[in-house]
Amino acid sequence: MKLNKMYQGLGISPAVYEYGEAVLKDLRERFDAIDQAAEYNQAKVLSAFQKNRVDAACFAATTGYGYNDVGREKLELVYADVFHTEAALVRPQITCGTHALTVALSANLLPGDELLSPVGAPYDTLQEVIGIRPSPCSLAEYGVSYRQVELLADGTFDYEGIRAAIHEKTKLITIQRSKGYATRPTFSVAQIGELIAFCKSVKPDVICMVDNCYGEFIDTVEPSDVGADMVVGSLIKNPGGGLAPIGGYICGTKACVDRCAYRLSAPGLGQEVGANLGLMPALFQGFFLAPTVSAGALKGAIFAANIYERLGFRCVPNATEPRHDIIQAVELGSREAMVAFCKGIQAAAPVDSYVTPEPWPMPGYDSDVIMAAGAFVQGSSIELSADGPIREPYAIYFQGGLTWYHAKVGILMSLQKMVEAGLVTL
Ligand SMILES: *Cc1c(COP(=O)(O)O)cnc(C)c1O
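Here's a quick rundown of the structure. Everything numeric in this text was worked out from a predicted model, so none of it was measured.

What counts as what
- Residues numbered from 1 in each chain as written.
- Predicted model: local features only at pLDDT ≥ 70, side-chain atom pairs only at ≥ 80, totals over all residues.
- Heavy atoms only, no water.
- Buried < 20%, exposed > 50% of the residue type's maximum accessible area, 1.4 Å probe, protein only.
- Helix = DSSP H or I, 4+ residues; strand = E, 2+ residues; numbered from the N terminus.
- Pairing = 2+ DSSP bridges.
- Contact = heavy atoms within 4.5 Å.
- Axes fitted to C-alpha atoms, helices over the stretch in contact; angles between N-to-C directions.
- Phe/Tyr/Trp six-rings, centres within 6.5 Å; stacked < 30°, edge-to-face > 60°.
- Lys NZ or Arg CZ within 6 Å of the ring centre and 35° of its normal.
- Near = heavy atom within 4 Å.
- Polar contact = N/O pair within 3.5 Å; in protein donor to acceptor, adjacent residues only side chain to side chain.
- Areas by Shrake-Rupley, 256 points an atom, 1.4 Å probe, with all protein chains shown as cover.
- Parallel < 35°, antiparallel > 145°, perpendicular 65-115°, else oblique.
- Left-handed = near helix turned anticlockwise from the far one by under 90°.
- Nonpolar A, V, L, I, M, F, W, Y, C, P; charged D, E, K, R; others polar.
- Salt bridge = Lys/Arg side-chain N within 4 Å of Asp/Glu carboxyl O.

### Quick notes on the pairing of strand β12 (residues 385-389)
Then, in step 1: Most of β12 is tucked away, with five of its five residues classed as buried.
Then, in step 2: Burial along β12 is two-sided: the face carrying Ser385, Asp387 and Pro389 and the face carrying Ala386 and Gly388 are both buried.
Then, in step 3: Strand direction decides the pairing type here: strand β11 (residues 368-373) and β12, joined by five bridges, are antiparallel. Bridging across to β12, Met371 finds its partner in Asp387.
Then, in step 4: The pairing of β12 with strand β13 (residues 395-399) spans three bridges and is antiparallel. Across the sheet, residue Ala386 finds its bridge partner in β13, namely Phe398.
Then, in step 5: A loop of five residues connects β12 with β13, the two strands running antiparallel in sequence, and Tyr394 in this loop sits at a positive phi of about 55°.

Structure (structure tokens):
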């Protein structure tokens, strides 16, 4: 067959291709459901563009102070409509997801307030933001205390522990949707809604913020639809659609977002300044494509789990369970397998495909780390990428793919390299 020949040209053997096709046959129904969610989300985004009368004037570059920046203002209205929030702060001056979360936290927490995480430890980079690991300018340095309630052994919320941890100083509750690089499950939007409702029943005026990284457009509802006062994320993940070269977003109540704007720029200036530097076409178009791009990445994650679980590797999430983010962990069991997997992902990239990834010591890790990525936007993890620390259980974290077809090639290529290294037999 012609397609088989094309794949052979890319370096994927007929045996690997056939193996992939056999796995895919069982996934059609699930992929149909993903397509339906993407279709719904596409309509949701489209109607926000139309309602806000997005036009060519929105794509003009502004420089300097950026007063009366129509593009920036409409982009924020579009985000607010998609997330069903009163307000949104979306701009290239937010440098990454960690920055967006830092702005949201430091704008809404004052000295003497307490921050609570009811879902265990937050994402690595937030530990210094909060001051769990001491750092200059952490929230701890500014007199904001922190408390965390671990999840129960089965990965569910410890409601009694959470009730006991909420007290008069508790000002803001941070809920991380995706597991990130932890081993706990990722939460569904419905679970997050239950948790928020519980927290608000204990303390009605507490602010609930959701770290939405990697979760956008995976469901047809977002945490802001189930009571979150702020949802926060990075534009070089799902909502940037692979086109945004930088940026972050905070969508939420006007009271919370106003404070975020004052924190990001300056008290008194808020959302009124911030030139768009010509990035508006990419930010609008990326958001427009984000539902289908996220759906493609999700299919890739499910395909990977079904390929590797069938070959005897433990996958988190497993091959059949429901999905709430685009991250796939595969426990490969050895350094050699991690290297082979990453070689395949790298070899399948549209950029830097000739590079060979190698494990190397990375600051902050107690073991070598391997990474594979050949991305248009540096470090973008909505693009096909894989990484993981070289230590037990030798788990590789796989995510992204700007199209499902590219994610598929990447996974088949990872399998090809595993076969060539004699690590699996089909
Ligand atoms: C990626 C991520 C972040 C941080 O985003 P950066 O853009 O890497 O700073 C925070 N939380 C979660 C759950 C993430 O996945």
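### Structural notes on the sheet that holds strand β10 (residues 360-361)
In any sheet, the strands associate via hydrogen bonds between backbone groups, in a parallel or an antiparallel arrangement.
Then, in step 1: A sheet is described by the order of its strands in space; here six strands give the open sequence β8-β9-β13-β12-β11-β10, paired in antiparallel fashion. Here the strands that pair on one side only, and so sit at the sheet edges, are β8 (314-316) and β10.
Then, in step 2: Its contacts with the sheet put helix α10 (residues 280-310) on β8, β9 (328-331) and β13, and the angle it makes with β9 is roughly 15°.

### Considering the packing of aromatic side chains
Aromatic rings considered in pairs are described by the distance between their centres and by the relative angle of their planes.
Then, in step 1: Tallied over the entire structure, the rule returns 18 aromatic pairs.
Then, in step 2: Seen from their ring centres, Tyr7 and Tyr17 are 5.3 Å apart, and the 35° between their planes marks the pair as tilted. On the criterion of sequence distance, the pair formed by Tyr7 in helix α1 (residues 2-10) and Tyr17 in helix α2 (residues 14-25) is long-range, its members being ten residues apart.
Then, in step 3: Over the ring of Tyr123 we find Lys237; its NZ or CZ atom is 5.5 Å from the centre of that ring.
Then, in step 4: The ring of Tyr214 has Lys237 sitting right over it, with the charged end atom 4.2 Å from the ring centre.

### Notes on the site of the ligand
Then, in step 1: In the vicinity of the ligand, the contacting residues are Cys96, Gly97, Thr98, Leu101, Tyr123, Gln176, Asp211, Cys213, Tyr214, Ser234 and Lys237.
Then, in step 2: The contact in question runs from an oxygen atom of the ligand to an N or O atom on the side chain of Thr98, over 2.6 Å.
Then, in step 3: The contact in question runs from an oxygen atom of the ligand to an N or O atom on the side chain of Lys237, over 2.9 Å.
Then, in step 4: The fraction of the free accessible surface of the ligand (370 Å²) that becomes covered by protein chains is 89%.

### Thoughts on the pairing of β9
Then, in step 1: As paired strands, β8 and β9 are joined by three bridges and run antiparallel to one another. Residue pairing across strands places Arg314 opposite Glu331, the latter belonging to β9.
Then, in step 2: For β9 and β13, the ladder comprises four bridges, and the chain directions are antiparallel. Within the sheet, the bridge partner assigned to Gln328 lies in β13 and is Phe398.

### Things to note about unusual backbone geometry
Then, in step 1: The omega angle of the peptide bond from Val316 to Pro317 is -5°, so this bond is cis rather than trans.
Then, in step 2: Topologically, Pro317 is positioned in the loop between β8 and β9.
Then, in step 3: The omega torsion of the bond from Glu392 to Pro393 falls at 0°, within 30 degrees of zero and hence cis.
Then, in step 4: The topology assignment puts Pro393 in the loop between β12 and β13.
Then, in step 5: Phi at Arg53 is positive, roughly 50°, even though this residue is not glycine.

### Details of the packing of α10 against helix α12 (residues 404-420)
Then, in step 1: Between α10 and α12, the shortest axis-to-axis distance is 8 Å and the interhelical angle comes to 25°. Considered as vectors, α10 and α12 are oriented roughly parallel to each other. As for the relative orientation of α10 and α12, their crossing is right-handed in sense. Here Gly296, Lys299, Gly300, Phe303, Ala304, Ile307 and Tyr308 of α10 come into contact with α12, specifically with Trp404, Ala407, Lys408, Ile411, Leu412, Ser414, Leu415 and Met418.
Then, in step 2: For the contact of α10 with α12, the per-class residue count stands at ten nonpolar, three polar and two charged.

### Observations concerning the sheet that holds strand β6 (residues 230-234)
Then, in step 1: Here seven strands make up an open sheet; going across it, the order is β1-β7-β6-β5-β4-β2-β3 and the pairing mixed. Edge positions in the sheet fall to β1 (87-91) and β3 (145-148), since each has one partner strand and no second. For this sheet, the mean inter-axis angle between neighbouring strands, taken without regard to orientation, is 20°.
Then, in step 2: Summarising the sheet, β1 and strand β7 (residues 248-252) pair through five bridges and their orientation is antiparallel. Paired with Leu89 across the two strands is Ile250, which belongs to β7.
Then, in step 3: Lying on the sheet, helix α4 (residues 70-82) is in contact with β1 and β7; it crosses β1 at an angle near 125°.
Then, in step 4: Strand contacts of helix α9 (residues 254-264): β1, β5 (207-211), β6 and β7, with the helix running at about 30° to β1, the strand carrying the most contacts.

### Here we look at the pattern of salt bridges
Then, in step 1: Under the criterion given, the structure shown has 13 salt bridges.
Then, in step 2: Measuring nitrogen to oxygen at the nearest pair gives 2.8 Å for the salt bridge that ties Glu114 to Arg147. Placement of the pair is Glu114 in strand β2 (residues 114-117) and Arg147 in strand β3, with a sequence separation of 33 residues.
Then, in step 3: The exposure class assigned to Glu114 is buried, which follows from its relative accessible area of 6%.
Then, in step 4: Ionic pairing is found between Asp229 and Lys200, a salt bridge with its closest N-O pair at 2.7 Å. Linking Asp229 in the loop between β5 and β6 with Lys200 in helix α8 (residues 189-202), this pair joins segments that are 29 residues apart in sequence.

### Details of the environment of Leu415
Then, in step 1: Structurally, Leu415 is set in helix α12.
Then, in step 2: Leu415 sits 71 residues away from Gly344 along the chain, and the two C-alpha atoms are 7.2 Å apart.
Then, in step 3: Every residue in contact with Leu415, bar those within four places of it in the chain, is listed here: Val16, Tyr19, Ile307, Tyr308, Leu311, Val424 and Leu426.

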